[in-house]
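If you want the building blocks of each chain, they are given just below.
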Amino acid sequence: MIAQVIFSLLLCSVLLYAWTEYRRSPVVALLSFVVAAAGVYFVWVPAHSTRLAEFVGIGRGVDLVLYTWVAISLIVLLNLHLKLRTQLELITVLARKIALANVNVRPVEGRREPGATSVSTLNDARTSPLKPHAAKLDEGRSRRKRDRSA
Amino acid sequence: MHPKLWVICAAYNEAPAIGRVVTELRRAGYKVVVVDDGSTDGTGQIAAAAGATVVVQPINLGQGAALQTGIDYALSQDADILVTFDADGQHRVSDIPRLVDALGRERADFALGSRFLGQSYNLPALRRWVLHAATVFTRLTTGLRLTDSHNGLRALTRQGAAAIRLRQNRMAHASEILAEIARSGRRYVEVPVTIEYTAYSLAKGQRIGDSVMILRDLFAQELSR
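Residues numbered from 1 in each chain as written. Chains lettered and ligands numbered in written order. Predicted model: local features only at pLDDT ≥ 70, side-chain atom pairs only at ≥ 80, totals over all residues.

Novice: Even after reading the chapter, I still don't get the overall build of chain A, so can you show me in this structure?
Specialist: Scanning chain A for helices and strands turns up six helices and zero strands. Reading chain A from its N terminus to its C terminus gives the helix and strand order α-α-α-α-α-α. Among the 150 residues that make up chain A, the fraction classed as buried is 15%. Relative to all contacts within chain A whose residues are 6 or more apart in sequence, the contacts with residues 24 or more apart total 33%. (Helix = DSSP H or I, 4+ residues; strand = E, 2+ residues; numbered from the N terminus. Buried ≥ 20, exposed ≤ 12 C-beta atoms within 10 Å, placed from the backbone. Contact = placed C-beta atoms within 7 Å.)

In structure tokens, the structure reads:
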């Protein structure tokens, strides 16, 4: 009974996960949903899993294997989720550094007149992470051309 | 007018609203930094034209990440007081002085806006219920006794802003800020504010299903600490 409750809670967390992931990746969400729902069913009606096992020619011991597989899958899933979070945190730090290194739109200090606009180089800012390097490359190419022609 | 006060707006595809928001803030004399969170509708250009300093995140990371970027920027500009202000136009500029006054009067590091101490217009009943449930959740998990735990209008002192760090990129950041405030042990105060929901802000705002995602993100963060 305790094992059934624990597995049911774990599988319900997968159902919730499937629901929240549906908008981002519907195929993964549907597969997770089907597997988790089947898991919940077999946890509470193990006789049917035995019948299924007999039907496909496998003995009762498969119950244990099935449960173990579910548990391992959940742990792997959780682990992948945490790893992705870590990766996202690193990407966030990187993107923030790029954003803060390229702030080049500064309004005039103090009160602004309504309707007034500030000089903006925002289009440069949007692509700026690569622009300084591109500018240096262009400069290098021009210098080499000048050297060759000289 | 406080000379070292910066208003931070995190904005993602807010072209219809950001111009008016920034114009009102600038007209009131505030310095404004808009963190353009990878918008594709010209939000950054509109904000810049209205007089904001614009920090452009190269990719869309989420409101929490954008707010932390804005906080980092304001701190780098020697801001003494930082105000977070939603970009969809649901807050009132006239509430900012009340938050700032409360910081000084109560010797607090965080002044948190509350629509339930103040007023809210056009707040759907279901959303009101979910917000109350979130308040109970916040009280249980952080111990903070608040009336409104998901209000984007806040004022922070420099010391307060430096004491918190947002790691939740997306919607869970509102809960994370409160957890960080509780962890810092610094003084906080709630201030009545007015929130006016429009069809635009309701469409842009969170959905009920998002609360499940918030719980998932908070749980995952606890596991990855």
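On we go.
Novice: I keep staring at the overall build of chain B and nothing clicks. Help me out?
Specialist: If you tally the helices and strands in chain B, you get nine helices and seven strands. Here the C-alpha atoms of chain B give a radius of gyration of 16 Å, agreeing with the 17 Å that 2.2 N^0.38 yields for 225 residues. Long-range pairs, those at least 24 residues apart, make up 75% of the contacts in chain B between residues at least 6 apart in sequence. (Rg over C-alpha atoms; globule rule 2.2 N^0.38 Å.)

Novice: Is there a simple way to explain the nonpolar core in this structure?
Specialist: One recurring pattern in soluble globular proteins: nonpolar side chains tend to sit buried together. Ranked by internal contacts, the top residues of the largest apolar core, which has 65 residues, are Ile8, Cys9, Val33, Val34, Ala47 and Leu82 of chain B. Discounting residues that sit within four places of it in the chain, isoleucine 8 of chain B has contacts with Val33, Val35, Leu67, Gly70, Ile71, Ala74, Leu82, Val83, Thr84 and Phe85 of chain B. The next biggest cluster of nonpolar side chains, apart from the first, holds five residues, and it includes Leu11, Tyr17, Ala18 and Ala36 of chain A. (Core = buried A, V, L, I, M, F, W, Y, C linked by C-beta atoms within 7 Å.)

Novice: Can you help me understand the pairing of strand β2 (residues 31-36) of chain B in this one?
Specialist: Residues and elements named next belong to chain B. By the criterion of burial, β2 is predominantly enclosed, with six of the six residues buried. Judged by which residues are buried, β2 turns out to be covered on both faces: Lys31, Val33 and Val35 on one side and Val32, Val34 and Asp36 on the other are all buried. In this structure, strand β1 (residues 5-11) lies alongside β2, joined through six bridges in parallel fashion. By the bridge assignment for β2, cysteine 9 is matched with valine 34. The parallel pair β1 and β2 is bridged by helix α1 (residues 15-27), and the resulting crossover is right-handed. Strand direction decides the pairing type here: β2 and strand β3 (residues 53-56), joined by four bridges, are parallel. The residue of β3 that forms the bridge with valine 34 is valine 54. Read from β2 through helix α2 (residues 43-49) to β3, the crossover connection turns out right-handed. (Pairing = 2+ DSSP bridges. Right-handed = clockwise from strand over helix to strand, strands pointing away.)

Novice: Which parts of the structure should I look at to understand helix α4 (residues 96-105) of chain B?
Specialist: Since the α-helix turns once every 3.6 residues, residues separated by three or four places project in the same direction. All names here are of chain B. Every buried residue of α4 is listed here: Ile96, Leu99, Ala102 and Leu103. For α4, the angular spread of the buried residues around the axis is 130°, confining them to a single face. Turned more than 90 degrees away from the buried face of α4 sit Gly104 and Arg105, all of them exposed. Buried-residue contacts for α4 involve β4 (81-84), β5 (110-121), β6 (154-157) and β7 (188-196). Downstream of α4 by one or two residues, arginine 107 has phi in the positive range, about 50°. (Arc of directions from axis to C-beta.)

Geometry only, nothing functional implied.
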